[in-house]
Amino acid sequence: MGGEKLDFLILGQGFAGTALALELLKRGKKILVIENPEFPGASHRAVGLVNPVTGRRMAKTWNYEDVIPLCHTFYKEAFSQIFGKSGSFLQERKIFKALHSVEEMNFLAAKSASDGFEDIIDIHLPEAPGLPSVFQNTVGWLEIKNGGRIDPKEYLCEAKNHLKKNHSFLEKPFLPSELTKIENGWHWNEMDFKNVVSCLGLGCPWIGSSLWAVKGQVYQFSGLPDWGNQVLKTEKFIIPLTNGSGLMGSTYEREFENELPDQTGFEEITRDLSPWAMQQFQVLDSWAGIRPTTKDRLPVIQKLDESLFALNGMGTKGVSLAPFGVKKLLRILELESGH
Ligand SMILES: Cc1cc2nc3c(=O)[nH]c(=O)nc-3n(C[C@H](O)[C@H](O)[C@H](O)COP(=O)(O)OP(=O)(O)OC[C@H]3O[C@@H](n4cnc5c(N)ncnc54)[C@H](O)[C@@H]3O)c2cc1C
């Protein structure tokens, strides 16, 4: 790297830091991403779902019209940027939400016919295509389209290898005391940078304390009947993987004692999913992570200083919000046109 001043120091290689790094590399910027391998953030614990409508009333995700198409494009372009061929890190998957009452069904049936929802949700009564009969003890199903899943481990690992190949990655913990302001930029670890972007999640020294920490637990299990790659949802979800294994989760805990999965979380998840043939499963693995969340559930895309920025607060939706947050940040940096 010599003694030249690099364009960007990116702190953290979660979904936010990774998406920013790939976009900046694509624009020919000289960057360095640093990551503390001892402190895997929320992205390394996520299950990777993109769910375009959420909540009890199935509201469109914030800024749906921009966020969801951009998310599909981003993971496609990231794939070809990394592997030099077409494909996508985002595997398209239908999501089926169980409907528990006639009232809920009527409400969502009306919604599915309303403006802007025709191509996103659909009602199936009483059976959903492809789900085996063992799952049919509900009033009906809501099909959610335009969703999908990335494999977070695969995406983050391949992106890291790509950054390494481009001499743009360093495994090293960031200590705020080691960052010093210089003329037109920053000095860190014997290198100079024009800009610093903090994508440190809850570890951010500038805005971390204003974030809400929300724990989530996930269980990987075997014994799942084959119903293709469709995701099943109640309050919780089941994501089929391969060979009859799947993931179920996750909890949303504002109060917790540690970062480990526990019996209470396991019971909460299995209680919600147990009506559906989940009696005969075997837990293969479990983990938990802490989401960097904001009170208003909106991401933080902020200029902290003339050359210091924060991209954070992705909450439960880092997979889809990271590409959108990056686009917004690139506009602040005047590296992208638009609003
Ligand atoms: C169980 C669970 C399931 C989830 N499922 C989904 C899902 O299906 N879909 C979805 O969209 N979102 C999901 N999420 C939420 C998602 O994980 C977050 O929105 C996202 O990870 C936030 O990304 P980030 O890059 O902002 O933060 P982080 O992923 O936390 O990244 C911060 C990075 O900074 C690094 N770091 C921190 N401090 C330092 C330091 N001092 N020095 C160097 N590096 C440092 C960390 O190692 C980390 O890699 C889930 C979260 C959990 C916990």
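Our subject in this report is the structure included herewith. Per chain, residue numbering runs from 1 following the sequence as it is written. Owing to the predicted nature of the model, reporting of local features is limited to residues with pLDDT of at least 70; listing and counting of side-chain atom pairs is limited to 80 or more, with chain, interface and lining totals taken over all residues. The side-chain figures draw on all heavy atoms in the structure; neither hydrogens nor water molecules are used.

### Focus: the overall build of the chain
Runs of H or I in DSSP of at least four residues are treated as helices and runs of E of at least two as strands, each being numbered from the N terminus. For the chain, the helix and strand inventory stands at 6 helices and 21 strands. Rg of the C-alpha trace for the chain: 21 Å, near the compact-globule value of 20 Å for 339 residues, within the 12% margin. Seen through its C-alpha atoms, the chain measures out along the principal axes to roughly 65 × 45 × 40 Å. Looking at the chain residue by residue over its 339 residues, the buried ones come to 51%. Only heavy atoms matter for contacts: two residues are in contact if any of them lie within 4.5 Å across the pair. Intrachain contacts of the chain at a sequence separation of at least 6 include 70% that bridge at least 24 residues. Only the protein chains shown count as covering a residue, and every accessible area follows the Shrake-Rupley method with a 1.4 Å probe. About 15800 Å² of surface is accessible on the chain, with carbon and sulfur atoms providing 48% of the total. Both definitions apply: the radius of gyration is a C-alpha atom measure, and the globule rule equals 2.2 Å times residues to the power 0.38. Burial classification: accessible surface area is computed with a 1.4 Å probe over protein chains only, and a residue below 20% of its type maximum counts as buried, one above 50% as exposed, and the rest as partly exposed.

### Remarks on unusual backbone geometry
Cis peptide bonds are those with omega within 30 degrees of zero, and the linkage from Gly-249 to Ser-250 qualifies with -20 degrees. Examined against the element boundaries, Ser-250 turns out to sit in the loop between strand S18 (245-249) and helix H5 (263-273). One non-glycine residue, Asn-189, adopts positive backbone phi at about 55 degrees. Positive phi, close to 60 degrees, is recorded for Glu-334, a residue that is not glycine. Along the polypeptide, Glu-334 turns up in the segment after helix H6 (318-332). Note on Glu-334: relative accessible area 72%, which makes it exposed.

### Overview of the site of the ligand
Lining the immediate surroundings of the ligand are 34 residues, of which Phe-39, Ser-43, Leu-49, Phe-174 and Gly-315 lie closest. Side-chain atoms alone can form a polar contact between residues adjacent in sequence; in general such a contact is a pair of N or O atoms within 3.5 Å, and within protein one must be able to donate a hydrogen while the other accepts it. Taking Asn-36, its main chain carries an N or O atom lying 3.0 Å from a nitrogen atom of the ligand. In the model, an oxygen atom of the ligand is placed 2.8 Å from a nitrogen or oxygen of the Leu-49 main chain. Contact with the protein chains removes 95% of the 1000 Å² of surface that the ligand exposes when unbound. When residues of the shell around the ligand are traced back to their parent elements, those giving at least two are helix H1 (15-26), strand S15 (212-222), strand S19 (282-293) and H6. At 3 residues, the largest contribution of residues to the shell around the ligand is made by S19. Under the grouping applied here, Gly and all other residues not named as nonpolar or charged are polar, the nonpolar ones being Ala, Val, Leu, Ile, Met, Phe, Trp, Tyr, Cys and Pro and the charged ones Asp, Glu, Lys and Arg. Here the residues of the shell around the ligand sort into 15 nonpolar, 14 polar and 5 charged. Near is defined per residue: the residue qualifies when any heavy atom it owns lies within 4 Å of the molecule or strand.

### Some points on the sheet that holds strand S6 (residues 91-92)
Strand pairing follows a simple DSSP-based rule, namely that at least 2 bridges must link the two strands. Reading across from one edge, S3-S10-S6 is the order of the 3 strands in this open sheet, with antiparallel pairing throughout. In this open sheet, the two edge strands, each paired with only one partner strand, are strand S3 (49-50) and S6. In this structure, S6 lies alongside strand S10 (residues 148-149), joined through 2 bridges in antiparallel fashion. Counted as the bridge partner of Glu-92 is Gly-148 from S10.

### Digging into the packing of helix H2 (residues 64-83) against H6
Running from N to C, H2 and H6 cross one another at 95 degrees; their axes reach a closest spacing of 8 Å. Considering their axes alone, H2 and H6 lie roughly perpendicular with respect to each other. Contact residues: H2 offers Asp-66, Val-67, Leu-70, Cys-71, Phe-74 and Tyr-75, while H6 offers Val-319, Ser-320, Leu-321, Pro-323, Phe-324 and Lys-327. Residues belonging to the contact of H2 with H6 are distributed by class as follows: 9 nonpolar, 1 polar and 2 charged. Where helices are involved, their axes are fitted lines through C-alpha atoms of the stretch in contact, as for all axes, and angles between N-to-C directions lie from 0 to 180°. Reported orientations rely on four angle classes, namely roughly parallel under 35 degrees, roughly antiparallel over 145, roughly perpendicular from 65 to 115, and oblique for the rest.

### Details of the packing of aromatic side chains
Under the pairing criterion, centres of Phe, Tyr and Trp rings, with the six-membered ring standing for Trp, must be within 6.5 Å; the plane angle then separates stacked pairs below 30 degrees from edge-to-face pairs above 60, leaving the rest tilted. Within this structure, the stated rule accounts for 12 aromatic pairs. Aromatic ring contacts, followed pair by pair, group Phe-15, Phe-74, Tyr-75, Phe-79, Phe-83, Phe-89 and Tyr-155 into a single cluster. In our convention, an over-ring charge means Lys NZ or Arg CZ found within 6 Å of a ring centre and within 35 degrees of that ring's normal. A cation sits over an aromatic face here: Lys-60 above Phe-117, 5.0 Å from the ring centre. A cation sits over an aromatic face here: Arg-254 above Trp-212, 3.7 Å from the ring centre.

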